[in-house]
Amino acid sequence: MISVREFQNMMHRIYFHRDSERGAEDTFKWLKEEVDELGEAMQNADKKALEDEFADVIAWLASLANVLAIDLESATLRKYDHHCPKCGSSPCQCPFRITKT
Ligand SMILES: [Zn+2]
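Quantities reported herein were computed from a predicted structural model and do not represent experimental measurements.

1. Points about the nonpolar core
Grouped burial of nonpolar side chains is what soluble globular proteins tend to show.
Reasoning step 1: Phe7, Met11, Ala59, Ala62, Ala65 and Leu72 together form the largest nonpolar core, which totals six residues.
Reasoning step 2: If you list the elements that add at least two residues to this core, you get α1 (4-22) and α3 (47-67).
Reasoning step 3: With three residues, the single largest contributor to this core is α3.
Reasoning step 4: Setting aside anything within four residues of it in sequence, one finds Phe7 in contact with Ile2, Ile58, Ala59 and Ala62.
Reasoning step 5: Counting five residues, the second-largest nonpolar core is a separate cluster that includes Leu31, Val57, Trp60 and Leu64.

Below you can see the structure in the form of structure tokens.
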């Protein structure tokens with residue numbers, strides 16, 4: 001088991017030379033494409049394919065964070081520090097909504 005920071009650092013070691021050359025805008029396009037592929041994998045019962053897509057999404061998210069010099073572990077813990085950032089509770093007590101909008 002590794003931390004979010006260790007995972008991001010690992011992705012930096014493996015891919016930063018390419019990610020930095022590609023730049024933020026095109027790295028973001030790759031992330032969006034992988035999110036779409038995750039959505040497609042959800043339509044099937046193939047758990048291995050689903051796991052692969054989750055791995056791709058978090059890998060591209062880490063790559064984008066590296067290009068933008070964002071520390072994912074710090075950013076996520078600052079916002080989601082063991083409680084919901086909106087209502088301050090754990091578990092969340094916000095009014096429940098199925099959809100985003
Ligand atoms: Zn909440």
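2. A word on the pattern of salt bridges
Reasoning step 1: One pass over the structure, following the stated rule, counts five salt bridges.
Reasoning step 2: Between Arg5 and Glu73 there is a salt bridge; the shortest N-O distance is 3.2 Å. Note that Arg5 is positioned in helix α1 and Glu73 in helix α4 (residues 72-79), a separation of 68 residues in sequence.
Reasoning step 3: The class of Arg5 is partly exposed, set by a relative accessible area of 32%.
Reasoning step 4: For Glu73, a relative accessible area of 17% translates into the label buried.

3. Quick word on the packing of α1 against α3
Reasoning step 1: Where α1 meets α3, the closest approach of the two axes is 8 Å, and the angle between their N-to-C directions is 65°. Looking at the two axes, α1 sits roughly perpendicular to α3. Crossing angle aside, the handedness with which α1 passes α3 is right-handed. Residue-level inspection shows Phe7, Gln8, Met11, His12, Tyr15, Phe16, Asp19, Ser20 and Arg22 of α1 in contact with α3, the latter providing Ile58, Ala59, Trp60, Ala62, Ser63, Ala65, Asn66 and Val67.
Reasoning step 2: Its residues assigned to classes, the contact of α1 with α3 comprises 10 nonpolar, five polar and two charged.

4. Focus: the side chain of Asn66
Reasoning step 1: Take Asn66: it is sitting in helix α3.
Reasoning step 2: In this view, Asn66 contacts Gln8, Met11, His12 and Phe16; residues no more than four positions away in its chain are not counted.

Calculation notes
- Residues numbered from 1 in each chain as written.
- Predicted model: local features only at pLDDT ≥ 70, side-chain atom pairs only at ≥ 80, totals over all residues.
- Heavy atoms only, no water.
- Core = buried A, V, L, I, M, F, W, Y, C linked by side-chain atoms within 4.5 Å.
- Buried < 20%, exposed > 50% of the residue type's maximum accessible area, 1.4 Å probe, protein only.
- Helix = DSSP H or I, 4+ residues; strand = E, 2+ residues; numbered from the N terminus.
- Contact = heavy atoms within 4.5 Å.
- Salt bridge = Lys/Arg side-chain N within 4 Å of Asp/Glu carboxyl O.
- Axes fitted to C-alpha atoms, helices over the stretch in contact; angles between N-to-C directions.
- Parallel < 35°, antiparallel > 145°, perpendicular 65-115°, else oblique.
- Left-handed = near helix turned anticlockwise from the far one by under 90°.
- Nonpolar A, V, L, I, M, F, W, Y, C, P; charged D, E, K, R; others polar.

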